[in-house]
Amino acid sequence: MMKRLTIEKRGPLIIGLVFAFAWWRIGPPFPTDASDVLSAALTLGAILTGFLATSKAFLLSLNGTQVMGDLRSSGYLNDLVFYLATAIWTAFAFCILTIAAFFLDVHTTWFGPAWFGLGIWASLQFVLVTVLTLRILRHAHGATPPR
Amino acid sequence: MKIHVFKVTPQRGAARLEDLIEAISQTPIEDRMRIIHHTDIRMDDAQQAEDFWLMDFVRGRTSGPGRLHPARPLQGFQFGDGESFGEETAALFDPRTSCLVMQYNHFGVRANSVREYFCMFDRDAANVYDVAPLLDEDVERRLRRKRIFRKVGVKIAPVRMTAGDRRAGESLLDVIDMGQDGNADRISIELSVERGNQGGLNPEVVRSIINMARRIWRADVDSVDKIVVVGKDAPDAEQETLDLLSARLSVSFSDLHAGADLRIPREARWDALLRAHRGWRDLLRRT
């Protein structure tokens, strides 16, 4: 049984690859006039990137709280930063790829799967970071009596 | 003076503890203070003796004792600017066996605080160290021989995420909720069988409760108050009570005396640590 931490770390990428493979095998081709889809996707990607950048500020504001102390001394903070960084870069890469799509031919065999896979990866990574930040938010506001 | 011993395990990517201690000793004293669990903690002094590092930690106290005279009421102390009470705790680190020998001071710095101090000292590095108490083998052996369990009792503080969880591969999603407990300070669990009942508790259940409590105890010895097992080696054997917390390796010296300022001198405390370490040397080499 794989360690749960490994599943958490690699899950979004693996699922993204699985979906990319599935699209490549059985997926529909890109719509002939792709600009609407691409514009919508670009908007979504930009919103995710922006929101994730705000998460950085939120985490910084936790300095000095009990939760941040636990995250640091247990080593889990490294994982959290890794998830956040991956989320930001995949969302950003998705935006770049979508912009590039306006100039490239989206109907090549590789573009659909790559774009879809990257989109799934970025979305799952975003969900992971959001769930974690919300839970941290809940704890940071709990009463922690000094020892 | 009571002395305990712990095993230090650096996690991947952490600096060697002896290097960190050396770096702290070279930092100016005004930059060494860190706030751990709302209290000021600082490594006051660190010196090398043979291969070991001898350290003295201090912990700030915002309220403390007063001055007592047999013929006068209790009076307070005059504090200068920025002064407050401080409690000292001596520690010895042996890089060869990666063991930390610590003085036990009820008001002083505890093992878990020292651990967090080392983890948090260098803000630019991801230093994570695990500090676990070392146990006496005898109690372990007696526990393994028990076939019939009559009672098991544990009393623990709700646990928060630890480096041990991360090494075991628990996901962050799972551990992040730990410690949210309904605001309880302690959780007490006791399972027992009645007098008339000749059978015993399910050994699987007993062992998993003990392992859970021990896992918490290894992460922070102050968060577990009690792990007690009552059992027998065989149906007709004598019933034995095992206190698993007393299995900690510890030694007490009663020949230390306070000086004129009513503090036990640092040299005397360090000397006691060296004596304890010498006594445990063979055992430590085997861990």
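Before any of the text, the structure's been laid out above.
The structure displayed is predicted, hence computed values, not measured ones.

1. A short note on the packing of helix α1 (residues 17-26) of chain B against helix α2 (residues 111-121) of chain B
All names here are of chain B.
Then, in step 1: At a minimum axis separation of 11 Å, α1 and α2 run at an interaxial angle of 75°. Considered as vectors, α1 and α2 are oriented roughly perpendicular to each other. Here L17, L20, I21 and I24 of α1 come into contact with α2, specifically with Y117, F118 and F121.
Then, in step 2: A per-class count over the contact of α1 with α2 returns seven nonpolar, no polar and no charged.

2. Quick look at the pattern of salt bridges
Residues and elements named next belong to chain B.
Then, in step 1: Scanning the entire structure with this criterion turns up 24 salt bridges over all chains.
Then, in step 2: Notably, a salt bridge pairs R141 with D138, separated by 3.8 Å at the nearest N-O pair. Linking R141 with D138, this pair stays in helix α3 (residues 137-145), spanning three residues, or about one helical turn.
Then, in step 3: For D138, a relative accessible area of 32% corresponds to the partly exposed category.
Then, in step 4: A single network of salt bridges, built from pairs that share partners, joins R42, D44, D45, D56, E88, D261, R263, R266 and R269.

3. Comments concerning α1 of chain B
Residues and elements named next belong to chain B.
Then, in step 1: Looking only at α1, the buried set comprises L17, E18, L20, I21 and I24. Taken around the axis of α1, the buried residues stretch over an arc of 160°, which confines them to a single face.
Then, in step 2: In this structure, the buried residues of α1 make contact with β1 (2-10), β3 (39-49), β4 (52-61), β7 (85-94), α2 and β9 (129-133).

4. Let's talk about a nonpolar patch on the surface
Then, in step 1: Taken together, the side chains of I14, I15, V18 and F19 of chain A define a hydrophobic patch exposed on the protein surface, amounting to about 340 Å² of accessible area.
Then, in step 2: Within the fold, I15 of chain A resides in helix α1 (residues 4-26).

5. Some thoughts on the pairing of β1 of chain B
Residues and elements named next belong to chain B.
Then, in step 1: Strand direction decides the pairing type here: β1 and strand β14 (residues 250-252), joined by three bridges, are antiparallel. Each bridged residue has a counterpart across the sheet, and for H4 the counterpart in β14 is S250.
Then, in step 2: Pairing of β1 with strand β8 (residues 99-104) involves six bridges; the strand directions are antiparallel. Across the sheet, F6 pairs through a bridge with L100, a residue of β8.
Then, in step 3: Relative to β9, β1 runs antiparallel, the two sharing five bridges. Bridge pairing in β9 links V8 to V131.

6. Focus: unusual backbone geometry
Peptide bonds are, in most cases, trans, and in most cases residues other than glycine have a negative phi.
Residues and elements named next belong to chain B.
Then, in step 1: With phi around 55°, S98 is a residue other than glycine that occupies positive phi space.
Then, in step 2: Within the secondary structure layout, S98 lies in the loop between β7 and β8.
Then, in step 3: Given the relative accessible area of 17%, S98 is considered buried.
Then, in step 4: Of note, L262 is a non-glycine position whose phi angle comes to about 60°, a positive value.
Then, in step 5: Mapped onto the secondary structure, L262 falls in the loop between β14 and α7 (266-286).
Then, in step 6: Given a relative accessible area of 72%, L262 falls into the exposed group.

7. Structural notes on the interface of chain A and chain B
For an interface, size is often stated in terms of accessible area lost upon the parts coming together.
Then, in step 1: Each partner contributes residues to the interface: chain A has 28 residues there, and chain B has 32 residues.
Then, in step 2: At the boundary of chain A and chain B, one finds zero salt bridges.
Then, in step 3: Connecting chain A to chain B are one residue pair in polar contact (both at pLDDT 80 or more).
Then, in step 4: Of the residues forming the side of chain A that touches chain B, the biggest block, seven residues, is contributed by helix α5 (residues 111-140) of chain A.
Then, in step 5: Of the residues contributing to the side of chain A that touches chain B, the split by class is 11 nonpolar, seven polar and 10 charged.

8. A few points about the packing of aromatic side chains
Then, in step 1: What the rule picks out here adds up to 16 aromatic pairs over all chains.
Then, in step 2: Seen in terms of ring centroids, W89 of chain A and F92 of chain A are 6.3 Å apart; in terms of plane orientation they differ by 70°. Their pairing is edge-to-face. Here W89 of chain A pairs with F92 of chain A, and both are found in helix α4 (residues 76-101), just three residues apart, close to one helical turn.
Then, in step 3: Assessed through its relative accessible area of 41%, F92 of chain A is described here as partly exposed.
Then, in step 4: Taken together through their ring pairs, the aromatic side chains of F57, Y117, F118, F121 and Y129 of chain B make up a single cluster.
Then, in step 5: Lying across the ring of F121 of chain B, R34 of chain B places its NZ or CZ 4.2 Å from the centre.
Then, in step 6: The ring centre of F107 of chain B lies 4.2 Å from the NZ or CZ of R61 of chain B, which sits over that ring.

9. Topic: the environment of F51 of chain A
All names here are of chain A.
Then, in step 1: Inspection of the secondary structure puts F51 in helix α2 (residues 35-60).
Then, in step 2: Judged by relative accessible area, which is 41%, F51 ranks as partly exposed.
Then, in step 3: Separated by 75 residues in sequence, F51 and F126 place their C-alpha atoms 9.3 Å apart.
Then, in step 4: With sequence-adjacent residues up to four places away left out, F51 is seen in contact with F126 and T130.

About the thresholds
Residues numbered from 1 in each chain as written. Chains lettered and ligands numbered in written order. Predicted model: local features only at pLDDT ≥ 70, side-chain atom pairs only at ≥ 80, totals over all residues. Heavy atoms only, no water. Axes fitted to C-alpha atoms, helices over the stretch in contact; angles between N-to-C directions. Helix = DSSP H or I, 4+ residues; strand = E, 2+ residues; numbered from the N terminus. Parallel < 35°, antiparallel > 145°, perpendicular 65-115°, else oblique. Contact = heavy atoms within 4.5 Å. Nonpolar A, V, L, I, M, F, W, Y, C, P; charged D, E, K, R; others polar. Salt bridge = Lys/Arg side-chain N within 4 Å of Asp/Glu carboxyl O. Buried < 20%, exposed > 50% of the residue type's maximum accessible area, 1.4 Å probe, protein only. Arc of directions from axis to C-beta. Patch = residues over 30% accessible without salt bridge, like charges linked within 9 Å, V, L, I, M, F, W, Y side chains within 5 Å. Areas by Shrake-Rupley, 256 points an atom, 1.4 Å probe, with all protein chains shown as cover. Pairing = 2+ DSSP bridges. Polar contact = N/O pair within 3.5 Å; in protein donor to acceptor, adjacent residues only side chain to side chain. Phe/Tyr/Trp six-rings, centres within 6.5 Å; stacked < 30°, edge-to-face > 60°. Lys NZ or Arg CZ within 6 Å of the ring centre and 35° of its normal.

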